[in-house]
There are 2 protein chains.
Amino acid sequence: MDQVWLDPAARTGIETPAVVVDLDRVDANIARMATAMRDRGVALRPHAKTHKSLEFGRRQLAAGAAGLTVATIGEAEVFADGGFDDLFVAYPVIAGGPRAERLRRLGERCTLSVGVDSPTGAESVAAAVRGAARRPRVLVEIDCGGRRTGVRPDEAGALARRCQALGLEVLGVFTHGGHGYAGSEARPGAAEDEVAGLATAAASLRAEGIESTVVSAGSTPTAILSARGAVTEERPGTYIFSDRQQAVLTGEPVDGVALVVASTVVSHGTGGGFAIDAGAKILGKDVAPYLSGHGTVLGYPEALIARIYDHHGVVEIAPGASRPAIGEIVWVVPNHVCPVVNLVDEYLVARDGRLVDRWPVDARGRNG
Amino acid sequence: MDQVWLDPAARTGIETPAVVVDLDRVDANIARMATAMRDRGVALRPHAKTHKSLEFGRRQLAAGAAGLTVATIGEAEVFADGGFDDLFVAYPVIAGGPRAERLRRLGERCTLSVGVDSPTGAESVAAAVRGAARRPRVLVEIDCGGRRTGVRPDEAGALARRCQALGLEVLGVFTHGGHGYAGSEARPGAAEDEVAGLATAAASLRAEGIESTVVSAGSTPTAILSARGAVTEERPGTYIFSDRQQAVLTGEPVDGVALVVASTVVSHGTGGGFAIDAGAKILGKDVAPYLSGHGTVLGYPEALIARIYDHHGVVEIAPGASRPAIGEIVWVVPNHVCPVVNLVDEYLVARDGRLVDRWPVDARGRNG
């Protein structure tokens, strides 16, 4: 009934719930994105918040990535400690309190760039790194339609000028077309919004006499679309593993993902379905509007993970459909992989159905 | 505008996002529940999956708790390592693979009981502990209406008899009226279901000649209701901190909780609201049907945390309402506190607005 994520011998050696990656699939995903970006002539700077792992980051660099993207100073510190040099914190950094000193130290030991989207943020960064031996550069974040962070594209130039006045080197502009996650029909529009917003922003900088060396866009759903205008760099993250949400968005098969949650059937309950030991503390609770339930149980197409609690997933099945035995291990494709990885301390690394290694989630929990 | 969770001097020393507890409020919550259970003459066995902390567990025992409840063998190991003796794994344990040996070792070094809800589970436990110097006892889990795990109440006796035949000592029966979380109107009914289901289950055991020493119910919403029949023990967890969901369910003020997420305003975005650095990787994504948004921003009653991403909370405010400045720290009451604690490595412990300690989340991530 199920795919061979781990052969029977390997299964007896693991404890669930656990995150299992298929290394061949991961490597294929890394190579595919690297090739696509190389063919387009743009730099690939994968978002490492998805994997938070030195080992996976190294594989991305080995395949040609220009550097890594991270979400927090804490993630950047982990990757700098691991020998990564070129890191971009794609977030509006506020370098206040103890974080100011951390940012300064980090900037002195690696090639660092950080996001800004306000004069306050720029001032905090400038104050933190003033007089440092080596200082991070900044990219101005613009809102291209996601309505999250970033300034209006036509206001990017004014903020860039302010950054320069504060003594900061402006590397360019960036955005994230997160509204491409709203559904497969939203994806092309979000990709166009990224390109159009960045073009306006780059022109806004140019009007201030500032040329953008980096024009950075990206999400997994939008990065692989072509005709990306002035974009010089893409920052997809999820592509390394993919997940249920990504598969549905892009029309790929859900069972083709490179990461699953191994879980044990712990109960048959009283309702005809079954319960697994993967709950919200490993699957997270993301449910995109175009998904039903909290993941796909591979090999049980009629099964719906209808409800999850901290440590239980309650699976409903169609009347008469087969259900796994209590004690059986089932493989769950999570809806959204990023929070899942952040909930565990290690990956179980599989190849050809055998457990070949365990790798730490090096930057787990580095939220700030 | 806001409550004094940390005074200005303390704020400059912390990094967000972070979990802050007010120790006086925690102690008051611990004392209130302990008194309520003592007055009712039932044992209190708090669920430690909420706090995952030796220090908070010790405070619960000092206030009179009989022992602790945990969700996993991993949590039990952490508390046993910390010197706790009386632990109940309120979960249908499947002691397969490496977990069998862990269960056996754990049972030899503390007074342990575990849940069973199937012959398969009972057999796995019996096989794991066979011949051990000291063995865990079992409680039969029943489903009283939550439709998660547990057998039908009238089938509890047959499973208990099976456990005895396998050489296991049966301590009694337990249930969790989780359907009391469906809304404040569901709470009394769920509490009654717990009592009725447990009475049926205890009678079912009695018909097999097995007397239940422990008849265990519990959740924070149901534990504090009176008239609890044959119940000998309650297992509430969330009461130690409370959260937005709990406050709304029980009619308590949301700003009376004992735990908040300190977060920094990182952007004003383009939509009139603001963005904070508390996203799904610290707030979790629980949204009970009777809640709007992903938490309450204290001091900003018009604010709605409308959307959260891994590292961003996007807050909408009513037109014309004031918004905090970029760089300001705001205090967020999370919807559901259990996943929040599991997403951080430490508590910032406050008293009278001052930071007095940092305590580890000892059992963070111990999912299995």
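For the structure given in this document, a descriptive report is provided here. (Residues numbered from 1 in each chain as written. Chains lettered and ligands numbered in written order. Predicted model: local features only at pLDDT ≥ 70, side-chain atom pairs only at ≥ 80, totals over all residues. Heavy atoms only, no water.)

Comments concerning the sheet that holds strand β7 (residues 170-174) of chain A
Residues and elements named next belong to chain A.
Right, so step 1: On the basis of which strands lie adjacent, the open sheet formed by 8 strands has the order β2-β9-β8-β7-β6-β5-β4-β3 and parallel pairing. Sheet topology places β2 (43-44) and β3 (68-70) at the edges, where each strand pairs with a single neighbour.
Right, so step 2: Relative to strand β9 (residues 233-234), β2 runs parallel, the two sharing 2 bridges. Within the sheet, the bridge partner assigned to Ala 43 lies in β9 and is Glu 233. (Pairing = 2+ DSSP bridges. Helix = DSSP H or I, 4+ residues; strand = E, 2+ residues; numbered from the N terminus.)

Focus: the relation of the copies chain B and chain A
There are two copies of the chain, and a rotation about an axis plus a shift along that axis relates them.
Right, so step 1: Under the fitted operation, chain B is carried onto chain A by 0.0 Å of movement along the axis and a turn of 180°, and the coordinates agree to an RMSD of 0.0 Å. Seen this way, the second copy is the image of the first under a two-fold rotation axis. Ranked by how close their C-alpha atoms come to the rotation axis, the residues of chain B are headed by Lys285(B), at 2.7 Å.
Right, so step 2: Same-surface contact between copies: 100% of interface residues of chain B are shared with the interface of chain A. (Least-squares fit on C-alpha atoms with pLDDT ≥ 70 in both. Contact = heavy atoms within 4.5 Å.)

Things to note about the packing of aromatic side chains
What describes a pair of aromatic rings is the distance from one ring centre to the other and the angle between the planes of the rings.
Right, so step 1: By the definition in use, this model includes 14 aromatic pairs over all chains.
Right, so step 2: On the basis of an interplanar angle of 70° and a centroid distance of 5.1 Å, the ring pair of Phe56(A) and Trp359(A) is categorised as edge-to-face. Taken together, the residues span a long stretch of sequence, with Phe56(A) in helix α3 (residues 54-62) and Trp359(A) in strand β17 (residues 354-360) at a distance of 303 residues. Neither residue differs from the other here; Phe56(A) and Trp359(A) are each classed as buried.
Right, so step 3: Between Phe88(B) and Phe174(B), the aromatic rings sit 5.0 Å apart at their centres with planes inclined by 85°, giving edge-to-face as the arrangement. Of this pair, Phe88(B) sits in strand β4 (residues 86-92) while Phe174(B) sits in strand β7 (residues 170-174), and the two are 86 residues apart along the sequence.
Right, so step 4: Taken together, the aromatic side chains of Phe56(A), Phe241(A), Tyr347(A) and Trp359(A) make up a single cluster linked through ring pairs. (Phe/Tyr/Trp six-rings, centres within 6.5 Å; stacked < 30°, edge-to-face > 60°. Buried < 20%, exposed > 50% of the residue type's maximum accessible area, 1.4 Å probe, protein only.)

A few points about the interface of chain B and chain A
Right, so step 1: With 59 residues of chain B in contact, the opposing surface of chain A contributes 59 residues.
Right, so step 2: With both chains or domains summed, chain B and chain A bury close to 4800 Å², and 51% of this area falls on carbon and sulfur atoms.
Right, so step 3: Measuring nitrogen to oxygen at the nearest pair gives 2.5 Å for the salt bridge that ties Lys285(B) to Asp286(A).
Right, so step 4: Counting every contact that joins chain B to chain A gives 24 residue pairs in polar contact (both at pLDDT 80 or more). (Buried area = accessible area lost by both parts, 1.4 Å probe. Salt bridge = Lys/Arg side-chain N within 4 Å of Asp/Glu carboxyl O. Polar contact = N/O pair within 3.5 Å; in protein donor to acceptor, adjacent residues only side chain to side chain.)

Comments concerning unusual backbone geometry
Right, so step 1: In this structure, the amide linkage connecting Thr16(A) to the following residue, Pro17(A), adopts the cis form with an omega of -5°.
Right, so step 2: For Pro17(A), the location among the structural elements is in the loop between α1 (8-11) and β1 (18-22).
Right, so step 3: Here the phi dihedral of Arg147(B) falls at roughly 55°; this positive angle occurs in a residue that is not glycine.
Right, so step 4: Tracing the backbone shows Arg147(B) in the loop between β6 (137-141) and α7 (156-165).
Right, so step 5: Non-glycine residue Asp352(B) carries a positive phi angle of around 50°.
Right, so step 6: As for its position among the elements, Asp352(B) is in the loop between β16 (346-351) and β17 (354-360).

Observations regarding the nonpolar core
Right, so step 1: Membership of the largest hydrophobic core comes to 90 residues, with the highest contact counts inside it found for Phe56(A), Phe241(A), Ile276(A), Tyr347(A), Leu87(B), Val89(B) and Leu103(B).
Right, so step 2: In contact with Phe241(A), other than residues within four places in its own chain, are Val21(A), Val26(A), Asn29(A), Thr50(A), His51(A), Phe56(A), Val257(A), Ala258(A), Leu259(A), Val337(A), Val341(A) and Tyr347(A).
Right, so step 3: Core analysis: the next-biggest nonpolar cluster, separate from the first, contains 89 residues, Leu166(A), Ile240(B), Ala321(B) and Val340(B) among them. (Core = buried A, V, L, I, M, F, W, Y, C linked by side-chain atoms within 4.5 Å.)

A short note on the pairing of strand β14 (residues 313-316) of chain B
All names here are of chain B.
Right, so step 1: Relative to β14, strand β11 (residues 274-276) runs antiparallel, the two sharing 3 bridges. Across the sheet, residue Ala 275 finds its bridge partner in β14, namely Val 314.
Right, so step 2: Where strand β13 (residues 304-308) meets β14, 4 bridges bridge the pair, whose relative direction is antiparallel. By the bridge assignment for β14, Leu 304 is matched with Glu 316.

Considerations on the packing of α7(B) against helix α8 (residues 187-207) of chain B
Residue and element names in this part refer to chain B.
Right, so step 1: Running from N to C, α7 and α8 point in directions that differ by 50°, and their axes come no closer than 7 Å. In terms of their interaxial angle, α7 and α8 are classed as oblique. Between α7 and α8 the crossing geometry is right-handed. Seen from α7, the contacting residues are Ala 156, Gly 157, Ala 158 and Ala 160; seen from α8, they are Ala 201, Ser 204 and Leu 205.
Right, so step 2: For the contact of α7 with α8, the per-class residue count stands at 5 nonpolar, 2 polar and no charged. (Axes fitted to C-alpha atoms, helices over the stretch in contact; angles between N-to-C directions. Parallel < 35°, antiparallel > 145°, perpendicular 65-115°, else oblique. Left-handed = near helix turned anticlockwise from the far one by under 90°. Nonpolar A, V, L, I, M, F, W, Y, C, P; charged D, E, K, R; others polar.)

Digging into the sheet that holds strand β8 (residues 214-217) of chain B
Residues and elements named next belong to chain B.
Right, so step 1: Taken in spatial order, the 8 strands of this open sheet run β2-β9-β8-β7-β6-β5-β4-β3, and their pairing is parallel. Every other strand in the sheet has two partners, leaving β2 (43-44) and β3 (68-70) as the edge strands with one partner each.
Right, so step 2: The pairing of β7 with β8 spans 3 bridges and is classified as parallel. Looking at β8, one finds that Val 173 is bridged to Val 215.

Side note on the side chain of Glu77(A)
Right, so step 1: When you line up the elements, Glu77(A) lands in helix α4 (residues 73-81).
Right, so step 2: With a relative accessible area of 10%, Glu77(A) lands in the buried category.

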